[in-house]
Amino acid sequence: MTQAPTPTADTVRRLVRSLLKEGDDGTGGPDVRPVTEDREHTWWIGGRHVLRLAPDREASARRRRELRLRDVVRPHVPVAVPTSVAHGDWAPGLAYTLDTRVPGGTADEYDVSAVGEADLAGLLGGLRAVPVRQAEALGVPRVAPRSLEALRRMAVHAAERLSAADEFDAARLHQLTPPGAAQLAAQPGTAVLTHHGLTGAHVVVSADGRVRGILDWTAAALGDPAEDIAGLAVAVGSPAAVRAATLAGYGARPCLRGLWLARCDTVIRLTDHLEGRTTGSLPLLRTQLRRVWEPILLERVTDFPEDEPEP
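First things first, this report covers the structure right here in the doc. Remember, it's a predicted structure, so these values are computed and weren't measured experimentally.

### Focus: empty space enclosed by the protein
Taken as a whole and judged by the stated rule, the model has one cavity of 30 Å³ or more. Quantified by volume, the largest cavity comes out at close to 40 Å³. What lines the largest cavity is Leu124, Leu127, Val192, Leu193, Thr194, Pro225, Asp228 and Tyr250. At the level of secondary structure, the elements contributing two or more residues to the lining of the largest cavity comprise α3 (114-129) and β7 (192-194). Broken down by element, the lining of the largest cavity gets its largest block of residues, three residues, from β7. Residue composition of the lining of the largest cavity, by class: six nonpolar, one polar and one charged.

### A short note on helix α5 (residues 148-164)
The first and last C-alpha atoms of α5 sit 24 Å apart over 17 residues, in line with the 24 Å expected at 1.5 Å per residue. The complete set of buried residues in α5 reads Leu148, Glu149, Leu151, Arg152, Ala155, Val156, Ala158, Ala159 and Leu162. If you follow the buried residues of α5, they end up packed against α6 (178-183) and α9 (252-274). In the segment just after α5, Asp166 is the residue with positive phi, at about 60°.

### Structural notes on α3
For α3, spanning 16 residues, the distance from its first C-alpha to its last is 23 Å, which sits close to the expected 22 Å at 1.5 Å a residue. Restricting attention to buried positions, one finds in α3 the residues Gly116, Glu117, Asp119, Leu120, Ala121, Leu123, Leu124, Gly126 and Leu127. The inward-facing, buried residues of α3 contact α2 (57-73), β7, β8 (203-205), β9 (211-214), α7 (226-236) and α8 (238-247).

### Section: the pairing of strand β3 (residues 49-53)
Burial within β3 is extensive, with five of its five residues counted as buried. Burial along β3 is two-sided: His49, Leu51 and Leu53 facing one way and Val50 and Arg52 facing the other are all buried.

### Some points on the sheet that holds strand β4 (residues 84-91)
Spatially, the five strands line up as an open sheet ordered β1-β2-β3-β5-β4, and their pairing is antiparallel. Edge positions in the open sheet fall to β1 (32-34) and β4, since each of these has one partner strand only. For this sheet the average axis-to-axis angle between neighbouring strands, irrespective of direction, equals 25°. Sheet topology places β4 next to strand β5 (residues 94-100); six bridges connect them, and they run antiparallel. Opposite Gly88, over in β5, you have Tyr96 as the bridge partner. The strands touched by helix α1 (residues 9-20) within the sheet are β1, β2 (42-45), β3, β4 and β5, with β3 carrying the most contacts at an inclination of about 120°. Where α2 meets the sheet, its contacts fall on β3, β4 and β5, and the angle it forms with β5 comes to roughly 35°.

### Comments concerning the pattern of salt bridges
Evaluation of the coordinates by the stated rule reveals 24 salt bridges. Among the ionic pairs, Arg210 bridges to Asp119, the shortest N-O distance being 2.7 Å. Of this pair, Arg210 sits in the loop between β8 and β9 while Asp119 sits in helix α3, placing them 91 residues apart in sequence. You can call Arg210 partly exposed: its relative accessible area is 27%. Owing to a relative accessible area of 6%, Asp119 belongs among the buried residues under this scheme. The residue Arg146 makes a salt bridge to Glu227 at a minimum N-O spacing of 2.9 Å. Remark: Glu227 occurs in helix α7 and Arg146 occurs in the loop between α4 (132-137) and α5; sequence separation between them is 81 residues. Given the relative accessible area of 13%, Glu227 is considered buried. Sharing partners across several salt bridges, the network here consists of Arg52, Glu66, Arg70, Asp99 and Asp216.

### Things to note about the packing of aromatic side chains
On inspection of all chains with the given rule, the structure shows two aromatic pairs. Ring plane angle 85° and centroid distance 5.5 Å describe the contact between Trp260 and Trp293, whose orientation is recorded as edge-to-face. Placement of the pair is Trp260 in helix α9 and Trp293 in the segment after α10 (282-292), with a sequence separation of 33 residues. Accessibility classification places Trp260 together with Trp293 in one group, the buried group. Through a chain of ring-to-ring contacts, three or more aromatic side chains come together here, namely Phe168, Trp260 and Trp293. One cation-aromatic arrangement involves Arg101 over Trp44; the distance from NZ or CZ to the ring centre is 3.7 Å. Against the face of Trp293 rests Arg263, its NZ or CZ located 4.5 Å from the ring centre.

Reading the values: the criteria
- Residues numbered from 1 in each chain as written.
- Predicted model: local features only at pLDDT ≥ 70, side-chain atom pairs only at ≥ 80, totals over all residues.
- Heavy atoms only, no water.
- 1 Å grid on protein atoms, 1.4 Å probe; cavity = no way out; pocket = protein on both sides within 12 Å on 5 of 7 lines; lining within 4 Å.
- Points joined across faces, edges and corners; volume = space filled by probe spheres on them.
- Helix = DSSP H or I, 4+ residues; strand = E, 2+ residues; numbered from the N terminus.
- Nonpolar A, V, L, I, M, F, W, Y, C, P; charged D, E, K, R; others polar.
- Expected span 1.5 Å × (residues − 1).
- Buried < 20%, exposed > 50% of the residue type's maximum accessible area, 1.4 Å probe, protein only.
- Contact = heavy atoms within 4.5 Å.
- Pairing = 2+ DSSP bridges.
- Axes fitted to C-alpha atoms, helices over the stretch in contact; angles between N-to-C directions.
- Salt bridge = Lys/Arg side-chain N within 4 Å of Asp/Glu carboxyl O.
- Phe/Tyr/Trp six-rings, centres within 6.5 Å; stacked < 30°, edge-to-face > 60°.
- Lys NZ or Arg CZ within 6 Å of the ring centre and 35° of its normal.

This is the structure we're talking about:
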């Protein structure tokens, strides 16, 4: 396989000049800089645009699908979905998209207000309203629900190692028993369009706590709606995520399933980082763990009727 080129500031600057027709007067064009040091394929372009460069052909296919999917999603949700002003290939077979920048910070910087929770409820409800066949026609993949019991077993072992490192009280994970995990299995026939990659960095929040936009739709999938509830728990905390999901019409089962998916995931991710298997921000991983373990009243619900209706 041919090694993909590494984008540089000069690479990005030349591409942007050709797209925006800026810099032809000798001014050099807009300022370009990586969004973060470890994300060499995503660049701020001045204050109004962001350039996303696919690093390989698989990512290129997801970028191209994302362009069509965003147009489908946009009418259904009350928050901004980025708009592309240009797209094409930045290297042979490698796609790029130049998007308008959604103004605001991230959920890692600002707390979401009560009105912001209503914005998130509109997001979850809007995704559920997107026709599954329309998403399938775009090539959005179906993803089978994860086994919460298998994830629970992995998290129990990870929690013991975190406890030994004085990072986490492993007994907290004992709240989720094997029968409880079985009770929170995904229900048949509940697949919807999911963002499937919600993190604090992908939720754009303004200083007043409103949710202004949702970024990066490349991981979108048809599957378990609890995955997006889990993503919101990581991004904005369990209480806000569950309130938003409840406002969107989801019942106790998918809310609790999402909560426990997030709790198990964050325990495993922090353990993997501490033991050197993954990289990333240790403070952020600790913050995410704290967010998903914020208590919610719904945790006291233990019995679900077998015919509990789903929206």
